[in-house]
Amino acid sequence: QVQLVESGGGLVQAGGSLRLSCAASGSIFSINVMGWYRQAPGNQRELVAFITSGGSTNYADSVKGRFTISRDNARNTVYLQMNSLKPEDTAVYLCNAQTRSRWSSAWNNYWGQGTQVTVPS
């Protein structure tokens, strides 16, 4: 079993910054891709950014240039630095990770509970 716990969400004014963290724990041998998704009320869950075990990153066009994803492999933690926040960034942000145990050849997908980010207009 793997647990993902997000933190760092909150309310911030437009133009401000926020840093999200997601720590993975449990039966983890390795973590492949870690990513951040978000879901606003009435909207589909969408990918915000992901980062591979080697550090390669990809971003949604809507956050490119404003958000930065990073990870600390030694701590099984992924971060999302959010700058120049806009009201349309308001959503529940969820952490996702692909992990496997020592004796498994398959990657398993896990989700955190989510952390609320609110940017009032």
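An account of the accompanying structure is given in this report.

Definitions and limits used
Each chain has its residues counted from 1, running along the sequence as written. Thresholds applied to this predicted model are a pLDDT of at least 70 for local features of residues and 80 or more for the giving and counting of side-chain atom pairs; totals over whole chains, interfaces and linings are not thresholded and use all residues. With hydrogens and water stripped out, all remaining heavy atoms of the structure feed into the side-chain values. A pair of sulfur atoms, both from cysteines and within 2.5 Å, is called a disulfide here. Only DSSP runs of H or I covering at least 4 residues are called helices, and only runs of E covering at least 2 are called strands; the numbering of each starts at the N terminus. Burial classes: relative accessible area under 20% of the type maximum marks a residue as buried, over 50% as exposed, and values in between as partly exposed (1.4 Å probe, protein chains only). Contact definition: two residues touch when any of their heavy atoms are within 4.5 Å.

Attention now moves to the state of the cysteines. One pass over the structure, following the stated rule, counts one disulfide. Each sulfur of the disulfide joining C22 and C95 lies 2.1 Å from the other. Taking the sign of the torsion about the S-S bond as the criterion, the disulfide between C22 and C95, at about -85 degrees, is left-handed. In this pair, C22 sits in strand β3 (residues 18-26) while C95 sits in strand β9 (residues 91-100), placing the two residues 73 residues apart along the sequence. Across the pair, C95 and C22 agree in class, each one buried.

With that settled, the discussion passes to the environment of C95. You can call C95 buried: its relative accessible area is 0%. Considering only alpha carbons, one finds C95 and V78, 17 residues apart in sequence, at a separation of 8.3 Å. C95 has contacts with L4, E6, C22, G35, W36, V78, Y110, W111 and G112, leaving out every residue within four places of it along the chain.

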